[in-house]
Structure formats: structure tokens, C-alpha cells
Amino acid sequence: MLSDVFFSSIDSKKHKSPLLKIAKLLNRCEPHTVFTKGDLIAVKTHFGEYGNTAFVRPVFLRPVLEVLNKLGTKPFLTDTNTLYVGMRTNSVDHLHNATMNGFNYSTLQVPVIIADGLRGDNSVSIPVDGELLSSVKLASEIASADGMLVVSHFKGHEVTGFGGAIKNISMGCSCRQGKLDMHSDSHPFVNQDHCTACGRCLLFCASSAIEMNPKAFITDKCTGCAMCVSVCPHTAIQIDWNASSASTQKKMAEYAAGVFNALERKLIFLSIILSVSPACDCYPGNDRPVVSDIGFAASADPVALDKACHDLVIKEYGGSDPFKERYPNVDSAIQLAHAEKLGIGTAGYRLIEVD
Ligand code: SF4
Ligand code: SF4
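Residues numbered from 1 in each chain as written. Chains lettered and ligands numbered in written order. Predicted model: local features only at pLDDT ≥ 70, side-chain atom pairs only at ≥ 80, totals over all residues. Heavy atoms only, no water.

**Q** Where do I start with the pattern of salt bridges in this structure?
**A** Close approach of charged atoms allows side chains with opposite charge to pair. Under the criterion given, the structure shown has 9 salt bridges. Across the pair Glu131 and Lys250 runs a salt bridge, and its minimum N-O distance is 3.0 Å. With Glu131 in the loop between strand S5 (123-127) and strand S6 (135-139) and Lys250 in helix H10 (residues 241-262), the pair connects residues that are 119 residues apart, well separated along the chain. When the shortest N-O distance is used, the salt bridge between Lys137 and Asp181 registers 2.8 Å. Of this pair, Lys137 sits in strand S6 while Asp181 sits in helix H7 (residues 176-183), and the two are 44 residues apart along the sequence. Overlapping salt bridges, with partners in common, bring together Lys44, Glu49, Asp79 and Arg88 in one network. (Salt bridge = Lys/Arg side-chain N within 4 Å of Asp/Glu carboxyl O. Helix = DSSP H or I, 4+ residues; strand = E, 2+ residues; numbered from the N terminus.)

**Q** Please clarify how the side chain of Asp301 should be interpreted in this entry.
**A** Tracing the chain through its elements places Asp301 in the loop between strand S15 (295-299) and helix H11 (302-316). This buried residue, Asp301, is left without a salt bridge; Arg265 holds the nearest opposite charge, at 7.6 Å. At a separation of 2.9 Å, a polar atom in the side chain of Asp301 contacts the main-chain amide nitrogen of Thr346. Asp301 has contacts with Ser3, Phe269, Ile344, Gly345 and Thr346, leaving out every residue within four places of it along the chain. (Buried < 20%, exposed > 50% of the residue type's maximum accessible area, 1.4 Å probe, protein only. Lys, Arg positive; Asp, Glu negative; His and termini not counted. Polar contact = N/O pair within 3.5 Å; in protein donor to acceptor, adjacent residues only side chain to side chain. Contact = heavy atoms within 4.5 Å.)

**Q** Help me out: how do you make sense of the packing of helix H1 (residues 18-28) against helix H2 (residues 61-70) in this one?
**A** Two packed helices can be described by the angle between their axes and the distance between those axes. Between H1 and H2, whose axes approach to 8 Å, the crossing angle comes to 40 degrees. Here H1 lies oblique to H2, going by the angle between them. Handedness of the crossing formed by H1 with H2: right-handed. Of H2, the residues touching H1 (which contributes Leu19, Ile22, Ala23, Leu26 and Asn27) are Pro63, Val64 and Val67. When grouped by side-chain class, the residues that make up the contact of H1 with H2 number 7 nonpolar, 1 polar and no charged. (Axes fitted to C-alpha atoms, helices over the stretch in contact; angles between N-to-C directions. Parallel < 35°, antiparallel > 145°, perpendicular 65-115°, else oblique. Left-handed = near helix turned anticlockwise from the far one by under 90°. Nonpolar A, V, L, I, M, F, W, Y, C, P; charged D, E, K, R; others polar.)

**Q** Got a minute to help me understand the site of ligand 1 in this structure?
**A** In the neighbourhood of ligand 1, 13 residues make up the surrounding shell, with Cys195, Cys198, Gly199, Cys201 and Cys232 lying closest. Considering only residue class, the shell around ligand 1 consists of 9 nonpolar, 3 polar and 1 charged. (Near = heavy atom within 4 Å.)

**Q** Got a minute to help me understand the packing of H11 against helix H13 (residues 333-341) in this structure?
**A** Axis separation between H11 and H13 bottoms out at 9 Å; the angle between their running directions is 160 degrees. Considered as vectors, H11 and H13 are oriented roughly antiparallel to each other. When the axes of H11 and H13 are compared, the crossing they make is left-handed. Contacts between H11 and H13 involve Val303, Asp306 and Lys307 from the former and Gln335, Leu336, Ala339 and Glu340 from the latter. Grouping the constituent residues of the contact of H11 with H13 by class yields 3 nonpolar, 1 polar and 3 charged.

**Q** Sorry, what's going on with H11 here?
**A** Note on helix geometry: an α-helix contains 3.6 residues per turn, so any two residues three or four positions apart are oriented the same way. For H11, which comprises 15 residues, the first-to-last C-alpha distance of 21 Å matches the rise-based estimate of 21 Å (1.5 Å per residue) to within 8%. Most of H11 sits out of view: 11 of its 15 residues are buried. Within H11, the full set of buried residues consists of Pro302, Val303, Ala304, Leu305, Asp306, Ala308, Cys309, His310, Leu312, Val313 and Ile314. The opening residue of H11, the one whose side-chain oxygen lies 2.8 Å from the backbone nitrogen of Val303, is Asp301. Gly318 occupies a position one or two residues after H11 and carries a positive phi of about 95 degrees. (Expected span 1.5 Å × (residues − 1).)

So far we have only geometry, and geometry alone does not tell us how the molecule works.
Shown next, in the form of C-alpha cells:
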């Protein structure tokens, strides 16, 4: 059985607003059959680390909120605190960051709630029937919402190949301990030949897991957050992606299944396929997009949606996978296959173009 994925290209013949396209896509997902008047609906997005400019633009949330407001629901914007040290490590910094990036009441007229509390430890445990996990630790305000509209930026990701809807409802909806659960097989190591002993990585490690003797090395205090990988100016900190990515992706799918359980499948997904950067929006900067802007896609099925977005990127790149080029040891299909196995969607889809 195929899932419907509604797609609207960024190409516009008559200067049609992308905002109208987003509203049309969401309405094709029949939100009135998913959400009910009075529901508290989490609009889950990624507010972008300060300095990054590739994340979902706040203006794209306007049609999302209009659709939800017309249904009489009560939407709020939400995201969760990060595992690594940055501008989104606690709710105070996170709300400052969100405001600076344009996600705030004055721009969008909805409250912003950081879903896992002041320090990222407000969570509830939700049972899942996974291969690796029997329960997941979700951010409490997401688990207690009545439903969720998930707005994701589709882009590359160094651990999972790409990051889309599944990543947004797994890594993005867990508390800090949950993020650690998913990342804990992904411990990096220091390539001693590249390390110059500059000490920069020590400043960014929240777990004090890096020591110098005489060059940097990572101790067993490491939580696998991967922050140090991004800050080393000499790319000396590396990860054995081949050994770790599969486990992280499977755990992500199991966390996504936990979100489906907690919200009783009341979810709709919108993905923005613009500024398709090669790496995560958690970095305080971003690279040149790997392909030209593509458009917007929406579905009730996150597996079909991620597969469709990935296929659209491959098509735009001329038939090969730009993420695979960057991360040759990562097989991004693992997250899709495992999510499918857990019953949260199917990689088989019908792409329906919406003008
Ligand atoms: S930031 Fe990189 S080069 Fe500097 S000490 Fe750490 S591993 Fe070595
Ligand atoms: S050493 Fe481990 S805990 Fe510290 S920043 Fe690197 S990955 Fe994170």
C-alpha cells in the first residue's frame, strides 16, 4: 500500500506565494480528520542554532498556524533542548535563541514552549516494542499535547545521512537523556596525526570527557553528543560512522514510534526542501546547499515523506545521492526500513503534485 505525499515545487509560474502552497499541501492532508477543536497542538520545528541560516524560516509557519487556527485548535511552537553545549542547551538560552531567529509571540502570535523543561530533563517514559528499546523518554510537553504538526527542514546529516521528519520526531522530541540514548553508540575518537593540541574541543565538551596528554584524547565519560566533531578546526575528531549510524537510526525510528504511541497517531508532517544544507541545523553555521531549492511536501506518513524528499534531492542532483557522497559510510535507508518495520509508515509513496 502506498502513502500519499503532496508536493509543491518552489517553481512558480505566476509568482504564487509559497505560503499559499503550504496551506494547500496541509489541507490535502485533511487536518480536520486528525485534529479537533480545542486540541492543544504542538507545532514542532527546529529553531536553528544561532548563526545558522538554513533552518525553517519562521514565515513558513504562518500558513501552518492559520490552518490550525481555522480548525479551532490551540497551537504552540515547540522544540527541545540539545545534548551538546550551545545556544539551545537550556530553556532560557533556547528561548533567547528562538527569539533571535524569529520564532516568538510577536512574529507568529503563538506561545513558544520548550518541551523538555528548564534543563532538558522533563520527560515521560513511553513503552515501545522495539528491537533495541522497550521504552523511550519523550519531552513531557510533547507527550501531553493532543496532536502534533511537524515542520521539518530536509537536509543532510553526518550521523544519519539525512535529517527529515523521522529525525524531527525522534531526536527532536526527546529529552536530553533520550538524545543520549540515541547517540550513545556514536562515540568519536581523536585522530592523533591531525590534532594540534589547540585545546578548543575541551571548551565545548559538556561532559569534560576530553583530556590532553600531550594531544587530545576522549575518555569514557563521553556521551556521544558529537559536539566536539563540529568544533575541531583540523577535523581531527572523527567518528566510526559505519559502526554507530545504524544503531542511532534504529533508535531514532523507535523513538518516533513512541511519539506515535503517545499522540495516538494524531500527527501531520510538512517538510521544507529549501537550503538543503549538507549538515544539521544544530551547527552555528551552514554550508552551501547541496542542490537548488526544491519546494515543500506534506503527508500523514513520515516514512513516505522522508523517502520522497530524499528522492527529490537525488533527482535534483542528477540521479546520485549528494549525502552519500559526503557520508559514504552512512546508509540513510536504515531509519526508513526500521520505521516501516515498527508500523509508523511505509517507504512506498505516491507523489501528488499540488499546484
Ligand atoms: S580541537 Fe581538534 S586539534 Fe584542537 S585539541 Fe581538540 S582535537 Fe586537537
Ligand atoms: S568528547 Fe564526547 S561528550 Fe565530549 S563533546 Fe565529544 S562527543 Fe560530546
